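Understanding the architecture of this molecule
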Amino acid sequence: MVLGSSSRDSGAETCFASLDKAIKTHRLYDGRGELCENTASQFYNQAREYLDKKPELAFQVSGQGFKHGDRVLSAEDRSGQGYFQMFKDGLRQISILPGFNPEEAKKLVRVLATRNQVQKGQTNEDGEPELEEDTVTRIWDANFKSVRYDAIDSFVEGDVYVPELDKKVSLAQWVNTKMEAYGEEKIDEWQRIGPPLKSASPPPGIPQRGLLGLDVPSPLPSGGIHNFREQYEGDLGSQMERFSVIWGEMVEKASEEQTKALMQMMIGLINEWMDEGNWSGLLRTFLVLRKLSAKPNFKNMVSMIVQASASQTALQRLKPHLEELHPRSARLALRFHLLLGRPGLEALCRMLADIPPGPVIDGFEAAFSAEKVNAMGLYLSRLRSREIMPVVHGIRKLAPMAKNPMVLKALRTSVQREEREIRNSALLALREDTDGSTLTGWGRALFDQDVKVRASAIRALARTPHAIGRSALLERIRDKGFRSLEDTELAAVFKAVVRMPNDDVWITLEELLGKNRVFGGKNIRGVQHAIREALATVDLPESRRLLGAGEKGTT
Amino acid sequence: MRQPSPLQAKGNQLIAGVTGVLKAFELYDASNATITKLLKGIVALVEDHGGQSGESLRLQSDGENFFLNQELLRLDRQGFERAKRLTDLMASLRCNELEFRAGLELEALREFMVKLAKTAEDRELAYELEDGSIYGVSLREVEGTTRQGRDNVEVRAEAGARFYVTLQILTAEYLALKRKGKRPGMMAIRRTLQRLIDLIQLQRDTVLSLIHYGRYRHGLEGHTTRTALLAGCIAHTMGLDRRWINSVCLYTFPSTAPLAHLDEYWSSGTRGQIEETYGRALSSPGSSMSVGAGVVRDLIAQYETGAFGQGKEEPYGPELKASLAGRIVAVAATYDSMRGNLIEGERCRPISPKEVLMSLDQMMQSGRLAAGIDKDIVGVLLHMMGNMPPGSVVRLENGAFGIVRERPDVVQLTDTFGRYLQRPRISRVKKGTPLSPPLGLDMGPALAWSDEG
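This is a predicted model, so every value here is computed, not measured.

1. Points about the overall build of chain A
Of the regular secondary structure elements, chain A holds 27 helices and 10 strands. Burial statistics for chain A: of 555 residues in total, 49% are counted as buried. Across chain A, contacts joining residues at least 24 apart in sequence account for 62% of those joining residues at least 6 apart.

Now the structure itself:
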């Protein structure tokens, strides 16, 4: 909604509308899914278009919401945790500059859509929430290249507890008081009572008149910088190991009561990482827990933690993160679940069941292969999905393993599914199977809309000595729609059926050969021609009889 | 829940009253009963305030913020929406203060408000509203609405000092809450640190000079602030990006927090006391260790600092090195402790930065560095500080004295005869002699000094 009546910049308004939509979508779907991606890229496209014509796209953040120029572009939402919160945090302007790219667009939407988090029970003495971060700290952390922001130090407006006064006072006022030590007034004092600088002496080791350069130090050599950066990155990776050593020591020294608290702390940490989808954190934690479980003192505790935080239900928290996992992280995720043993792997496979074929599944296939884990479980899980594509994908992957009894059973079950794509894929995977249920499935496939599937069905049924094959083919022949099939298909059906002869076959063929209709005569002649061609391929008394009768009939 | 201060309530009522009258003028005649009721409300409010304090009520606007008698009004969303009519009107008339004087009368206020409403059509009327002696209420433009001095002419040195002071104050609160076993929010500290890290990236020397201003009397909060900022400067010199600099700075707070339990002995605790203090901090998994952002960082910081304090070289054993942040903070804390001569407590006599650096260099050369002090990081510190660290008292080649701030700039305090100048000046110098700071020299004004100011 556009409020106010000042001069309009429809381009900026369109950009804001798409930003607003992206933020709200992000909040609604927790930043996950295609819809969030699409709205963010829509915002990027609008901003890009605007920046092709103008040097920057600037929005002011006011108590009424976002503004461009004097125009208010959005009314504040009722919850009050939206744009008004950004204003309260001190954000006053956001400018988007040329060079803005899709990644920054996504990051900006994510930063603006994130609401201030208050940890449970984290309130100060006044009952106000104790925040770890706000909109401005998040924008600063994001370190944008093409987004500038302007913020006032709104936090200074609050009160602060001053231990030396043992009370709360206005922070701004107290800063001003303390700033007196830096004030010019002090300089006047120097004139009167300042210490005589003349009497100051150099530190030991520096001659009285020794002169040293005031040069600005050069930057460190690039090798040194690289080394420190590597150390820091490595550090981030080993934080959990450090934490585990500390946690382990704390547990060893803790009383029974404290042990419970420490256990809850670890469970809380694991839960937090599960909510964040922090695979590397989870992996390290569980590696550490495994190491600890080798010690008798920790065995029970570790098992309780694993039970509480890695139960089948608890692991479900990871499902949304799997759906949007970067393929590179798939191996971490797999390794984490492998650490939990068979139940962990089963849970992972179940969570992956509904994910459509694409980069996530490709990533996991690569991860299974890299970890030398048979991906059969993953594909079998996908066969249980209610979605068509994951099942079809699973069936195709399982086809080469069709001799495995578990796979065979699962594929046979899939043949019974109502969705024709699934049925057909399963039948193709079970090409060699002669089980009754599969053959029945092939019989059903004779009626499929796809000519190739029908052709496969004919071939499959022709191969089997089972009576079901013959019955299915005869049923197809007796069907009303049969005569309208292409000549090649008619021929294939008849050639198949004459190779599995019995009385029913001969009777059916004789009936068809004996028909002579005025209407639809063309169709029946085509059918009779196909029957004769098929009969000519076998040398049996009944086939010769029918061929002879047919010739007489024709003459 | 704390009750809002009386001024907050008055401010809200005053804004509601004034905007209510302005809105009512669009619908009713000036003598209408609704308008009279609203005007009476304003008069009563002014009378109530004047009766108690004898002072007027000054409603000032600054952008979209309102201040009542210099106190920021914390308006809610409806408050901001309501106030918009008044903000727009004041902005269009280029005024920022509505003053209601004690002894305000109903009819005078009515007349004033009628004219105020008409200024939308006739801006000339605004001039008649400037004189408060006519109506007992005035509308005008005044200088310095806000009390923060937050404006564009504020130079970096002063801004740096302001943020430095803010961080010290917030750190004092953080330490006090930690001492009570609470887990304080870090938002304000993070916001202030971010501003200071921006400054480190722009003018690292300004921050380095500030951290050389501090002694035992600035307390544990002073030591924590200086250590955090020095650690940030070291991390910046190492080429770490600003998020990493930020996390190195943040590491300092939990690492020194347990020392708050030692009261005035925070800088001179024995090995046994440190062991006990840090041990206690780690053995009380209560509310202070509830899971939240930074809990892992906090525990690691406390554990490593405690271990270093007890003389353990490898807190985790030979297989796992102490964190880089921990090693940086250990060097920064040691440097600050030595420079401020903090172990001496109240008797401390500040030592020149150059002297501390020379000592550290000697200790490094002779392998006498304390536990946890990484010589590579000491190397970075020495490199960053150079020959003449910012914040050093210096004698220039011509005999004048000053304080190094943004190398090669020196804030010159005296003339060549050593007499204090009327006003310091910024001089660009090539060489000088570092001096031990004389007792009684308060470097604060020189560090925040600006020729532009």
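2. Concerning empty space enclosed by the protein
All names here are of chain B. For the coordinates displayed, the defined rule picks out three cavities of 30 Å³ or more. Its boundaries defined by the atoms lining it, the largest cavity holds a volume of some 150 Å³. Around the largest cavity, the lining comprises 17 residues; the ones closest to its centre are His 212, Arg 339, Pro 350, Pro 437 and Met 443. Grouping the amino acids of the lining of the largest cavity by side-chain chemistry returns nine nonpolar, six polar and two charged.

3. Digging into the environment of A:Val407
Residues and elements named next belong to chain A. Counting through the fold element by element, Val 407 comes out in helix H19 (residues 405-415). Accessibility expressed as a relative area gives 0% for Val 407, which makes it buried. On a C-alpha basis, the gap between Val 407 and Leu 383 in space is 9.9 Å, while along the polypeptide they are 24 residues apart. Ignoring any residue separated from it by four or fewer positions in sequence, one finds Val 407 in contact with Met 376, Leu 380, Leu 398, Met 401 and Ala 402.

4. Details of the pairing of strand E9 (residues 420-428) of chain B
Residue and element names in this part refer to chain B. Of the pairings in the sheet, the one linking strand E8 (residues 409-414) to E9 comprises five bridges and is antiparallel in character. Bridging across to E9, Val 411 finds its partner in Ile 426. Joining the antiparallel neighbours E8 and E9 is a turn of five residues, in which Gly 418 adopts a positive phi near 85°.

5. Some points on the sheet that holds strand E10 (residues 212-213) of chain A
Pairing between the strands of a sheet comes from backbone hydrogen bonds, and it takes one of two forms, parallel or antiparallel. Across the sheet, which stays open at both edges, the six strands sit in the order E10(A)-E10(B)-E6(B)-E7(B)-E8(B)-E9(B) with antiparallel pairing between neighbours. With one partner strand each, in any of the chains shown, E10 of chain A together with E9 of chain B form the two edges of the open sheet.

6. Here's the deal with the packing of aromatic side chains
Here the structure, examined in full by the defined rule, presents 19 aromatic pairs over all chains. Aromatic side chains A:Phe16 and A:Phe59 sit 5.8 Å apart centroid to centroid with 70° between the ring planes, which places their arrangement in the edge-to-face category. Note that A:Phe16 is positioned in helix H1 (residues 10-28) and A:Phe59 in strand E1 (residues 57-62), a separation of 43 residues in sequence. Note on A:Phe16: relative accessible area 3%, which makes it buried. Both rings, one in A:Phe43 and one in A:Phe100, keep their centres 5.9 Å apart while their planes meet at 70°; by these two values the pair is edge-to-face. With A:Phe43 in helix H2 (residues 34-53) and A:Phe100 in the loop between strand E4 (91-96) and helix H4 (102-113), this residue pair connects regions lying 57 residues apart in the sequence. Take A:Phe43 and A:Phe100: they sit in the same class, and that class is buried. Grouped by ring-pair contacts, the aromatic residues A:Phe16, A:Phe59, A:Phe66 and A:Tyr83 constitute a single cluster. Over the aromatic face of A:Phe144 sits the side chain of A:Lys107, whose NZ or CZ is 5.4 Å from the ring centroid. Lying across the ring of A:Tyr161, B:Lys180 places its NZ or CZ 4.7 Å from the centre.

7. What about the sheet that holds strand E5 (residues 137-140) of chain B?
Residues and elements named next belong to chain B. Strand order in the open sheet made by the five strands is E3-E2-E1-E4-E5, with antiparallel pairing throughout. Looking at which strands have only one partner, the edges of the open sheet turn out to be strand E3 (71-72) and E5. Where helix H3 (residues 77-92) meets the sheet, it contacts strand E1 (57-62), strand E2 (65-68), strand E4 (97-100) and E5, and its direction lies at approximately 85° from that of E2.

8. Focus on the environment of A:Leu315
Turning to its location among the elements, A:Leu315 is positioned in helix H12 (residues 312-315). Counting along the chain gives 36 residues from A:Leu315 to A:Met351, while the straight-line C-alpha distance between them is 9.0 Å.

9. Things to note about unusual backbone geometry
Residues and elements named next belong to chain B. Of the consecutive residues Arg 407 and Pro 408, the connecting peptide bond is found in the cis state with omega at 5°. In this structure, Pro 408 sits in the loop between strand E7 (401-404) and E8. Positioned with a positive phi, Asp 263 is a non-glycine residue whose angle comes to about 50°. Assignment of secondary structure puts Asp 263 in the loop between helix H10 (242-256) and helix H11 (271-282). With relative accessibility at 40%, the residue Asp 263 sits in the partly exposed group. Of note, the phi angle at Asn 341 is positive, near 50°, even though the residue is not glycine. Within the secondary structure, Asn 341 sits in the loop between helix H13 (324-339) and helix H14 (353-365).

10. Describing the interface of chain B and chain A
Taken together, the contact between chain B and chain A spans 124 residues of the former and 109 residues of the latter. Summed over both sides, the interface of chain B with chain A buries roughly 10,600 Å², with 60% coming from carbon and sulfur. Counting across the chain B and chain A interface gives five salt bridges. For A:Asp141, the salt bridge is made with B:Arg190, and the minimal N-O distance between the two is 2.6 Å. Summed over the shared surface of chain B and chain A, the result is 25 residue pairs in polar contact (both at pLDDT 80 or more). When residues in the side of chain B that touches chain A are grouped by element, the largest group, 12 residues, is from helix H7 (residues 156-179) of chain B.

11. Points about a nonpolar patch on the surface
All names here are of chain A. Together, Leu 28, Tyr 29 and Leu 35 make up a nonpolar patch on the protein surface, roughly 330 Å² of accessible area in all. With respect to the helices and strands, Tyr 29 occurs in the loop between H1 and H2. Overall, Tyr 29 belongs to the partly exposed group, its relative accessible area being 41%.

12. Examining the nonpolar core
Counting 225 residues, the largest nonpolar core has A:Trp247, A:Phe336, A:Phe364, A:Phe494, B:Leu230, B:Ile234 and B:Leu381 as the members making the most contacts within it. Per element, the largest residue contribution to this core is 12 residues, and it comes from helix H8 (residues 187-211) of chain B. Apart from the residues within four sequence positions on either side, A:Trp247 is in contact with A:Leu262, A:Met263, A:Met266, A:Leu289, A:Leu292, A:Met301 and A:Ile305. Judged by nonpolar contacts, the second largest core, of 76 residues, contains A:Ile23, A:Phe59, A:Leu108 and A:Ala151.

13. Considering the packing of H11(B) against helix H12 (residues 295-309) of chain B
Residues and elements named next belong to chain B. For the pair H11 and H12, interaxial distance at closest approach is 9 Å and the crossing angle is 160°. Here H11 is positioned roughly antiparallel relative to H12, judged by the angle of their axes. When the axes of H11 and H12 are compared, the crossing they make is left-handed. Each of Arg 271, Ile 274, Tyr 278, Ala 281 and Leu 282 in H11 lies in contact with H12, whose residues at this interface are Leu 299, Gln 302, Tyr 303, Thr 305, Gly 306 and Gly 309. Counted by class, the contact of H11 with H12 contains six nonpolar, four polar and one charged residues.

14. Some words on the confidence of the model for chain A
In low-pLDDT regions, the fine details of the predicted coordinates are not to be read closely. All names here are of chain A. Residue-level pLDDT values for chain A average 85, and 92% of them are 70 or greater. Ranking the helices and strands of chain A by mean pLDDT puts helix H18 (residues 388-398) first, with 94, and strand E5 (residues 118-123) last, with 54. With pLDDT under 50 throughout, residues 1-5 is counted as low confidence; its partners more than four residues away or in other chains account for 13 contacts.

15. A few points about the confidence of the model for chain B
Residue and element names in this part refer to chain B. Overall, the predicted model of chain B reaches an average pLDDT of 85, with 92% of residues at or above 70. Element-level pLDDT for chain B is lowest in E3, with a mean of 74, against a maximum mean of 97 in helix H9 (residues 219-237). Note on residues 144-154: pLDDT is under 50 here. Beyond four places in sequence and across chains, it has 24 contacts. Scored below 50 in pLDDT, residues 286-290 shows 15 contacts in the model against residues more than four places distant or in partner chains.

16. A closer look at the packing of helix H21 (residues 436-445) of chain A against helix H22 (residues 451-463) of chain A
Residue and element names in this part refer to chain A. At a minimum axis separation of 8 Å, H21 and H22 run at an interaxial angle of 140°. Judged by the angle between their axes, H21 and H22 are oblique. In this structure, the crossing between H21 and H22 has a hand that is left-handed. Along its contact with H21, which presents Leu 439, Trp 442, Gly 443 and Ala 445, the element H22 presents Val 453, Arg 454, Ser 456, Ala 457, Ala 460 and Leu 461. Looking at the contact of H21 with H22 residue by residue, the classes come out as seven nonpolar, two polar and one charged.

17. As for the pairing of strand E6 (residues 393-396) of chain B
Residue and element names in this part refer to chain B. Residues Val 393 and Arg 395 point to one face of E6 and Val 394 and Leu 396 to the other, with burial holding for every one of them. Pairing of E6 with E7, which is carried by three bridges, proceeds in the antiparallel orientation. Looking at E7, one finds that Val 394 is bridged to Gly 402. With four bridges joining them, E6 and strand E10 (residues 431-435) adopt antiparallel strand pairing. Each residue of the ladder has a partner; that of Arg 395, found in E10, is Thr 433.

About the thresholds
- Numbering of residues begins from 1 in every chain and follows the order in which that chain's sequence is written.
- Here chains are named by letter from A upward and ligands by number from 1 upward, in the order in which they appear as written.
- Totals for whole chains, interfaces and linings use all residues, but because this is a predicted model, local features are given only for residues with pLDDT of at least 70 and pairs of side-chain atoms are given and counted only at 80 or more.
- Heavy atoms throughout the structure, all of them, feed into the side-chain values; hydrogens and water do not.
- Numbering of helices and strands runs from the N terminus; a helix is a DSSP stretch of H or I covering at least four residues, while a strand is a stretch of E covering at least two.
- Each residue gets one of three labels from its accessible area relative to the maximum for its type: buried under 20%, exposed over 50%, partly exposed in between, using a 1.4 Å probe on protein chains only.
- In this description, contact between two residues means that some pair of their heavy atoms is separated by no more than 4.5 Å.
- With a 1 Å grid laid over protein atoms only, a set of points is called a cavity when a 1.4 Å probe fits there but cannot get out and a pocket when it is open yet has protein on both sides within 12 Å along at least five of seven lines; lining residues have an atom within 4 Å of a point.
- Grid points are joined across faces, edges and corners, and a volume is the space filled by probe spheres set on the points.
- Residues are grouped as follows: nonpolar covers Ala, Val, Leu, Ile, Met, Phe, Trp, Tyr, Cys and Pro; charged covers Asp, Glu, Lys and Arg; every other residue, Gly included, is treated as polar.
- Strand pairing is assigned whenever DSSP identifies at least 2 bridges connecting the two strands.
- Within 6.5 Å between ring centres, the rings of Phe, Tyr and Trp (the latter by its six-membered ring) count as paired, and their orientation is classed by plane angle as stacked under 30 degrees, edge-to-face over 60, tilted in between.
- Counted as over-ring charges are cases with an Arg CZ or a Lys NZ within 6 Å of the ring centre that also lie within 35 degrees of the ring normal.
- Here, axes are lines fitted to C-alpha atoms. For helices the fit covers the stretch in contact, and angles between N-to-C directions go from 0 to 180 degrees.
- When two parts are brought into contact, each loses some accessible area as probed by a 1.4 Å sphere; the total of that loss over both is the buried area.
- For salt bridges, the criterion is a side-chain nitrogen of Lys or Arg within 4 Å of an Asp or Glu carboxyl oxygen.
- What qualifies as a polar contact is a pair of N or O atoms within 3.5 Å, subject to a donor-acceptor requirement within protein and to the restriction that residues adjacent in sequence count only when both atoms come from side chains.
- In this scheme, patches are assembled from residues that exceed 30% relative accessible area and form no salt bridge. Like charges are connected within 9 Å, while nonpolar side chains (Val, Leu, Ile, Met, Phe, Trp, Tyr) are connected within 5 Å.
- Note on areas: Shrake-Rupley with a 1.4 Å probe; residue coverage comes only from the protein chains shown.
- What is meant by a nonpolar core is a set of buried Ala, Val, Leu, Ile, Met, Phe, Trp, Tyr and Cys residues, joined one to another through side-chain atoms within 4.5 Å.
- These descriptions rest on fixed angle ranges, namely under 35 degrees for roughly parallel, over 145 for roughly antiparallel, 65 to 115 for roughly perpendicular, and the rest for oblique.
- Definitions for this section: a left-handed crossing has its near helix turned counterclockwise from the far helix by less than a right angle. A right-handed crossing has that turn clockwise.
- pLDDT gives the predictor's per-residue confidence on a scale running from 0 to 100.

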